[in-house]
Amino acid sequence: MDFNFMFILCFIFILSFHLLETFANKTPEKNKLETYIVQVVAPDTQIFTQSEDLRSWYDSFLPTTTASVRENPRMIFPYTNVLKGFAARLSADEVKEMEKKAGFVSAQPDKVLPLHTTHSPKFLGLNQNPGFWKDSNYGKGVIIGVIDSGIVPDHPSFNDEGVPPPPAKWKGKCQFNVSACNNKLIGARFFLRGDDTPLDMDGHGTHTASTAAGNFVKGANVYGNANGTAAGIAPLAHLAIYKACSLYCSESAVLAAMDTAIDDGVDVLSISLGRLTNDLYSDNIVVGAFSAMEKGIFVSCSAGNGGPYNLSIAHEAPWVLSVGASTIDRKIRATAVLGNNKSHDGESAFQPLDFKSDFLPLVYAGMLNLSDQYAPYCLPEILNKTDIIRGKIVVCELSEIEAIEIGQAVKDSGGAAMILLNNERYGNTTIAEAHVLPATRISYVDGLKVKAYINSTSNPVAKILFKGTLIGDDRAPVVAAFSSRGPNFASPGILKPDILGPGVNILAAWPVSVENNTNTKSTFNMLSGTSMSCPHLSGVVALLKSSHPSWSPAAIKSAIMTTADIVNLARRPIEDEKFLPADIFTTGSGHVNPSKANDPGLVYDIRAEEYIPYLCGLNYTNRQVGTFLQRRVNCSDVSSIPDGQLNYPAFVIIFTVLSNTQNYSRTVTNVGESNSSYTVKIFRPLGVDVRVEPTTLNFSELNQKMVYRVTFNRLASAGNNTVVQGSLIWNSDKHAVRSPIAVILS
C-alpha cells in the first residue's frame, strides 16, 4: 500500500464526508427550529439525586419562553447515561444564547445516519450437536439490544420456544400490545418523532434482530434456495428492540435508544449504522458506547460499507467492536453461457423453474445510446425509449441504483432476462438478490469478457442456467468489496476493523414474502452489508457472555480477536474482492471463530479507567475527554500514553523519519489452565525487527496477570511509503494467542 496514496485517500474521504454533511445538514436559518444534540457539564458541587433534578437542570438551558411549552415541546430527548445533555429543537440564535450559559459544552446539529446495509451458524462452526453452541446454552439469559428500524413481532423467528423468562434485572417495556412480546422478544420501544410504534416498516431491523438471536425456524428459504433451518447466532437469547430508524436514522434518536437500553438492562448492543468522523469525541455513538462499556455492556457496530477504500471505517474507538463483512461458502448459482460456449458464474436468489435454457439475443444497454453516458446502467427513462431489448437478455452495468430496480426497468421495457455486471469496485463480490426477472450478477472481470464477446460478433446470444444452492466454496471467507477498511484515522495506533463476520447473501427474517406468498408468516430475504456481519458478532458475544458471565467487554473482544482465523477453507490466506491476499487493514485480526473464542487461553483486558490516559494521549482537551467520562478531567494530572500503548490485542506501529524504534508493553490474563506455560513466536513484518521480553510466560493460577514488553526496530532494509504486517503469537500446549502487527513505514 502506497503511504502517500493512503493520505491522499484520507483527504478525499474527509472532504467528501464534510461535503455530504454540508448538503445533508445545511446551516440553520436564524429563526428556524432544528434539532441539536447539546452537551453540558455540571459544576463539581452539583449532584443530581433524581432524574427529575437532572431534567430540570437541562430545562434551564432552554429559552425561558419555551421550556414549559407543552403543545410542541422543544426538549426531545433528555439523556441520562450516554452523555450529559439532551436533544432539543432550537434556532441558531437560541444556540448562540445557550453558549453563554455556565456548563454549556457544545451543540451539534442532529445528523442523518445511514443503515449499513440460515447457513451462517454452521459456517461459523455452530452445530446443534455437542459443541460450543450447546455448551453456551445457545445464549440463554443474555439480552441483546438491537437499535435499528424496529421488528415484526409475529414472525416465527421470534417465537419463544425453549427461551426462559428474562432475568430479574430486566426493566424494559413492550410498546406493542402485551401479547406481541414474549420470552424471546422481551421489549420493543420507539424513538422517532411522528412514529408511535416499534413495528418494522423497512425490514432491516427484523433481518438484523433475527440474525443475532432468531429462534429455530424450519424450512427457511428464498424462492426455494438456501433451504434449511434458520437460526440466529444466539437462538435462545432475549431480544430488546429499539426503533430509531426508518429509511434513515436520527442520531439523536439513536442516542436516546442507547440511553434507554442501558437503563433497561441489556447485555449487548447491536448497532448496524453510523457515519465517518474525524475524531472519537465527534462520534456520539462512540461516546454513548463508552458509558455502556463502563456498565459492562458490550457494543458491537458495523464497520461501514465504504470499502474497498482505505480510511473508510466508522466507529474507530477501542471499546467498540468494529465488524467487517465477508462471504460464506454458500452460493446461489446462476450461470451466464455465451454463444461462444464460455460460461460465467454469477448469483441470483430468484431461480425460476420455468425459464427455458435456450439461447436468446443478447444486447448491451450501453449500445442503445452511445452518446448517453448513463445508458449502460439501464435507467428506465433510457430503456423506455426503445423496443430493441424486447425478448432479449439485457446486459446492464452496476450503479448506485438498487439491482432489483435495474431488473424492474429491464422487465418493464420488455427484456426477457438480465446479466448485471459488477463494476471495478465490487470486483468478485457477487450478490444474490431476489430479482423480478431471470437474472444473474457476475464479477467485474467476467463482465469485461461478456462485453468483449458482444463486440466480437454481429449476432450475440446467451442463456442463463439456474443451478440453485451450492455449498462448499473453499475460497470463503472472502472479504466483501463494500466492507470498510482501515487504517484508523481517529486513533492510528488502534487496529480497525477489529474482526470479520458473515455479511454477504445472509438469509434472515423479513416482514413480507418477496415471492408474494400471502399464506405464510415464515418469510425470509437475503441481504448483504456490514449491517449483516455486525449482528453475527453480537450473537457470538451473547454466546460468550452466557459461557463466561464474569468476562468484561474488553476480555470478550480480546478472545474474539486473538482466536480469529486468518486462512480460508482451503487453508490459504483470506482474500479480498480481487481474489488477492487481503491486507491487515482489510481483515483486521481475521475472521471470527466462535468455538476458539470460547477458550482463548489468555486475554488482554482493559478496565474503564485505563482509557483515560489513552484519551489524554490523543491530545484531546480536558473538555473533550470529559465528554466520555461525563465529569471534569485534567489531563495534566494523568500519565498520558500513546494509543499504541493501550492494552489492545493488536499492534499498529507508525515509523516516521524521526522514529526508528518503538517500545510497548502488554498485560495478559490467564483464563485457560491454571498451570500453563506460553512461549512467544514472532512472524516479523518485512524490514522490521521485533523483540519480546520475556519470551516465556509461566502461569500458576487462573486470572493471574503477566506483563511482556515488545521492541520494534526499523531496519535499514525496510521500504518506504508502504505497509507491512506480521504477528506475535503466544503458544501453549493447547492455545495459540495471536496479536496481529501492522507497520506503516513512511
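Residues numbered from 1 in each chain as written. Predicted model: local features only at pLDDT ≥ 70, side-chain atom pairs only at ≥ 80, totals over all residues. Heavy atoms only, no water.

Undergrad: Describe the pairing of strand β16 (residues 343-347), naming the residues involved and giving the relevant values.
TA: Direction of pairing for strand β15 (residues 330-338) relative to β16: antiparallel, over a ladder of 5 bridges. What sits directly across from Ala-336, in β16, is His-344. If you look at the hairpin formed by β15 and β16, you'll find 4 residues sitting between the two strands, and Asn-341 has a positive phi there, around 70°. (Pairing = 2+ DSSP bridges. Helix = DSSP H or I, 4+ residues; strand = E, 2+ residues; numbered from the N terminus.)

Undergrad: Requested: an account of the environment of Ser-60, with residues and values cited.
TA: In this fold, Ser-60 is placed in the loop between α2 (51-59) and β2 (75-79). Under the relative-accessibility criterion, Ser-60 is labelled partly exposed at 42%. A C-alpha to C-alpha distance of 16 Å links Ser-60 and Ile-47, two positions 13 residues apart in sequence. (Buried < 20%, exposed > 50% of the residue type's maximum accessible area, 1.4 Å probe, protein only.)

Undergrad: Provide a residue-level description of the nonpolar core, including the pertinent values.
TA: Residues Leu-280, Trp-319, Tyr-614 and Leu-615 are the most contacted members of the largest nonpolar core, which totals 75 residues. Top contributing element to this core by residue count: helix α7 (residues 251-264), with 8 residues. Those residues in contact with Tyr-614, other than ones at most four positions away along the chain, are Leu-280, Pro-318, Trp-319, Ser-491, Ile-494, Ile-641, Asp-643 and Leu-646. With 47 residues, the next largest nonpolar core counts Ala-188, Ala-212, Ile-560 and Val-592 among its residues. (Core = buried A, V, L, I, M, F, W, Y, C linked by side-chain atoms within 4.5 Å. Contact = heavy atoms within 4.5 Å.)

Undergrad: Quick rundown of the sheet that holds strand β1 (residues 34-40)? Include the residues and the values.
TA: Reading across the sheet, the 4 strands line up as β2-β3-β1-β4 and stay open at both edges, with antiparallel pairing between neighbours. With one partner strand each, in any of the chains shown, β2 and β4 (104-109) form the two edges of the open sheet. On average, each strand axis in the sheet is inclined to that of its neighbour by 20°, with strand direction left out of account. In this sheet, strand β3 (residues 85-90) lies alongside β1 in antiparallel orientation, the contact comprising 6 bridges. The residue bridging Val-38 from the neighbouring strand is Phe-86, located in β3. (Axes fitted to C-alpha atoms, helices over the stretch in contact; angles between N-to-C directions.)

Undergrad: Could you give me a rundown of the pairing of strand β33 (residues 736-745), with the residues and numbers involved?
TA: When you tally the buried positions in β33, you get 9 out of 10 residues, the bulk of the element. Pairing between strand β26 (residues 651-655) and β33: 5 bridges, direction parallel. The partner of Ile-654 across the bridge, within β33, is Ile-744. Sheet analysis places strand β32 (residues 722-731) next to β33, joined by 10 bridges and oriented antiparallel.

Undergrad: Describe unusual backbone geometry, with residues and values.
TA: A negative phi angle characterises most non-glycine residues, just as the trans form characterises most peptide bonds. Here the amide bond leading from Gly-307 into Pro-308 is cis, since omega sits at 5°, within 30 degrees of zero. Within the secondary structure, Pro-308 is located in the loop between β13 (298-302) and β14 (321-326). For the bond running from Lys-496 to Pro-497, omega is -5°, close enough to zero to count as cis. Mapping Pro-497 onto the fold places it in the loop between β21 (461-471) and β22 (499-502). Phi angles above zero are rare outside glycine, and His-315 is one such case at about 60°. Structurally, His-315 can be placed in the loop between β13 and β14. A relative accessible area of 2% places His-315 in the buried class.

Undergrad: Tell me what's going on with the packing of aromatic side chains, and back it up with residues and numbers.
TA: As enumerated under the stated definition, the model contains 21 aromatic pairs in all. A centroid spacing of 5.2 Å and a plane angle of 80° characterise the contact between Trp-319 and Tyr-611, whose relative ring orientation is edge-to-face. Linking Trp-319 in the loop between β13 and β14 with Tyr-611 in helix α16 (residues 611-617), this pair joins segments that are 292 residues apart in sequence. Among the residues examined, Tyr-611 registers a relative accessible area of 2% and is labelled buried. When the ring of Tyr-678 is compared with that of Phe-699, the centres are 5.9 Å apart and the planes differ by 85°; the resulting orientation is edge-to-face. In this pair, Tyr-678 sits in strand β28 (residues 676-683) while Phe-699 sits in strand β30 (residues 696-699), placing the two residues 21 residues apart along the sequence. Under the relative-accessibility criterion, Phe-699 is labelled buried at 4%. In this arrangement the basic side chain of Arg-441 is found over the ring face of Tyr-426, its NZ or CZ atom lying 4.9 Å from the centre. Positioned above the aromatic ring of Phe-579, the side-chain terminus of Arg-475 is 3.8 Å from the ring centre. (Phe/Tyr/Trp six-rings, centres within 6.5 Å; stacked < 30°, edge-to-face > 60°. Lys NZ or Arg CZ within 6 Å of the ring centre and 35° of its normal.)

Undergrad: Now, about the packing of α7 against helix α8 (residues 284-294): what can you tell me, with residues and values included?
TA: It is at 10 Å that the axes of α7 and α8 come closest, and there the two elements cross at 5°. For the element pair α7 / α8, the angle class is roughly parallel. Taking contact as the criterion, the partners of Glu-251, Val-254, Leu-255, Met-258 and Ile-262 in α7 are, on α8, Asn-284, Ile-285, Gly-288, Ala-289, Ser-291 and Ala-292. Looking at side-chain class alone, the contact of α7 with α8 contains 7 nonpolar, 3 polar and 1 charged residues. (Parallel < 35°, antiparallel > 145°, perpendicular 65-115°, else oblique. Nonpolar A, V, L, I, M, F, W, Y, C, P; charged D, E, K, R; others polar.)

Undergrad: Which residues make up the sheet that holds strand β7 (residues 185-190), and what are the values?
TA: Across the sheet, 7 strands lie side by side as β7-β10-β6-β12-β13-β14-β22; this open sheet has parallel pairing. Lying at the two open borders of the sheet, with one neighbouring strand each, are β7 and β22. Looking at each pair of strands side by side, their axes are set apart by 25° on average, direction ignored. Two elements, β13 and β14, share 3 bridges in a ladder whose sense is parallel. The residue bridging Ser-302 from the neighbouring strand is Val-323, located in β14. Across the sheet, helix α6 (residues 204-213) is in contact with β6 (143-148) and β10 (238-243); its angle to β6 comes to roughly 160°. Those strands touched by α7 are β6, β7, β10 and β12 (268-271), and its axis lies near 150° from that of β10.

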